[in-house]
Amino acid sequence: MQKNFIQHRKKLLLFLSIFVGFFVAIFFIDDKPTDSMDTENITPTLFIHGSGSFHSLLNRFDYHDWGLKGLTFYVSTSGDLQMEGSMSDGENPFIQIIFENNRASLDHQTLWVQKIMTTLRETYDIKQVNLVGHSMGGLTATNFSLHHQTENYPEVNKLVVMESPSQGIDDEDYFSTNYGEATKDRV
């Protein structure tokens, strides 16, 4: 009698251990990190700078409650990304992009924007973005929009460029004050 009780108890413990182990494994094993944010209706606006950054502009937007900067992407000269901040819960968070080398070529800057877009898609499941670019940042935003619209990146919903020389440069003094790889690219 006692032997049956011990065997029954061992079987019950084995069954409970397997049962608990199974549910613990299901609970903790997940191939995609969980995120409580619903990204279905989020369209962040990315600000891509030229020779200066959008820092003071984004601060004014925040001050007037026109939007909130959630993330900042710092891009090193070698193209490494560093993120600061977090994606806000608002429908249209602002994302500032800062290139350490703001004189880099259009090809390099566009490649760096591709890396940022991949990060937004893979980390936050962002499906669409708005792009705002100033000067060289406008050329970069335009180049990305024209040549890199694939399912691997969020779709560009709206594009705004300011003071970008998209029609070329006619000013004779331009190249005496502006120099480097960025001046050699053509869109």
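Here the residue numbering is sequential within each chain, running from 1 through the sequence in written order. Note on the predicted model: pLDDT of at least 70 is required for a residue's local features to be given, and 80 or more for side-chain atom pairs to be given and counted; whole-chain, interface and lining totals, by contrast, use all residues. Computation of side-chain values covers all heavy atoms of the structure but excludes hydrogens and water.

**As for the overall build of the protein chain**
Phase 1 of the analysis: Numbering of helices and strands runs from the N terminus; a helix is a DSSP stretch of H or I covering at least four residues, while a strand is a stretch of E covering at least two. For the protein chain, the count of helices and strands is five helices and six strands.
Phase 2 of the analysis: Going residue by residue from the N terminus, the α and β elements of the protein chain occur as α-β-α-β-β-β-α-β-α-β-α.
Phase 3 of the analysis: Three labels apply to residues, based on accessible area from a 1.4 Å probe with only protein chains included: buried if under 20% of the type maximum, exposed if over 50%, partly exposed otherwise in between. For the protein chain, with 187 residues in total, the buried portion stands at 35%.
Phase 4 of the analysis: Counting only contacts in the protein chain whose residues sit at least 6 apart along the sequence, the fraction spanning at least 24 positions is 75%. Here a residue-residue contact requires only that any non-hydrogen atoms of the pair lie within 4.5 Å.

**A word on the sheet that holds strand E5 (residues 128–134)**
Phase 1 of the analysis: DSSP bridges decide pairing: two strands pair if at least two such bridges lie between them. Strand order in the open sheet formed by six strands is E3-E2-E4-E1-E5-E6, with mixed pairing between adjacent strands. This sheet does not close on itself; its edge strands, each paired only once, are strand E3 (81–85) and strand E6 (155–162). Geometrically, the sheet is characterised by an average inter-axis angle of 20° between neighbouring strands, direction not taken into account.
Phase 2 of the analysis: Strand direction decides the pairing type here: E5 and E6, joined by seven bridges, are parallel. Bridge pairing links Gly-133 to Val-161 in E6.
Phase 3 of the analysis: Packed on one face of the sheet, helix H2 (residues 55–63) meets strand E1 (45–48), strand E2 (69–75) and strand E4 (94–99) and runs near 165° to E4.
Phase 4 of the analysis: Its contacts with the sheet put helix H4 (residues 136–147) on E1, E5 and E6, and the angle it makes with E5 is roughly 145°. Simply put, an axis is a line fit to the C-alpha atoms, just over the touching stretch for a helix, and the angle between two N-to-C directions goes from 0 to 180 degrees.

**Some remarks on the environment of Ile-126**
Phase 1 of the analysis: Counting through the fold element by element, Ile-126 comes out in the loop between helix H3 (106–124) and E5.
Phase 2 of the analysis: Placed 27 residues apart in sequence, Ile-126 and Tyr-153 show a C-alpha to C-alpha distance of 8.5 Å.

**Remarks on the side chain of Thr-45**
Phase 1 of the analysis: Relative to the elements of secondary structure, Thr-45 occurs in strand E1.
Phase 2 of the analysis: A polar contact is formed between the side chain of Thr-45 and the side chain of Asn-130, at a distance of 3.4 Å.
Phase 3 of the analysis: Apart from residues lying up to four places away in sequence, Thr-45 is in contact with Pro-93, Phe-94, Ile-95, Asn-130 and Val-132. Two N or O atoms count as a polar contact when they lie within 3.5 Å, although within protein this holds only if one can serve as hydrogen donor and the other as acceptor, and sequence-adjacent residues are included solely when both atoms are side-chain atoms.

**Re the packing of aromatic side chains**
Phase 1 of the analysis: Each pair of aromatic rings taken from Phe, Tyr and Trp, with Trp reduced to its six-membered ring, is defined by centres within 6.5 Å and is described as stacked if the planes are under 30 degrees apart, edge-to-face if over 60, and tilted in the remaining cases. Within this structure, the stated rule accounts for six aromatic pairs.
Phase 2 of the analysis: Consider the rings of Phe-47 and Phe-94, whose centres lie 5.2 Å apart with planes at 90°: the pair is edge-to-face. In this pair, Phe-47 is assigned in strand E1 and Phe-94 in strand E4, connecting sequence segments 47 residues apart.
Phase 3 of the analysis: Judged by its relative accessible area of 8%, Phe-94 is buried.
Phase 4 of the analysis: Here the aromatic cluster, defined as three or more aromatic residues joined through ring pairs, consists of Phe-47, Phe-61, Trp-66 and Phe-94.

**Some points on the environment of Ile-48**
Phase 1 of the analysis: Along the chain, Ile-48 turns up in strand E1.
Phase 2 of the analysis: The class of Ile-48 is buried, set by a relative accessible area of 0%.

**Some points on the pairing of E2**
Phase 1 of the analysis: Summarising burial for E2: five of the seven residues are buried, a large majority.
Phase 2 of the analysis: With six bridges joining them, E2 and E4 adopt parallel strand pairing. Residue pairing in the sheet places Phe-73 in a bridge with Ile-97 of E4.
Phase 3 of the analysis: Judged from the five bridges that link them, E2 and E3 form a sheet pairing that is antiparallel. Each residue of the ladder has a partner; that of Tyr-74, found in E3, is Gln-82.

**Things to note about the pattern of salt bridges**
Phase 1 of the analysis: We define a salt bridge as a contact between a side-chain nitrogen of Lys or Arg and a carboxyl oxygen of Asp or Glu at a distance within 4 Å. Inspection of the entire model under this criterion finds one salt bridge.
Phase 2 of the analysis: The shortest N-O distance in the salt bridge between Lys-127 and Asp-125 comes to 2.8 Å.
Phase 3 of the analysis: Look at Lys-127 and you get partly exposed, because its relative accessible area is 32%.
Phase 4 of the analysis: According to the relative accessible area criterion, Asp-125 is partly exposed, its value standing at 27%.

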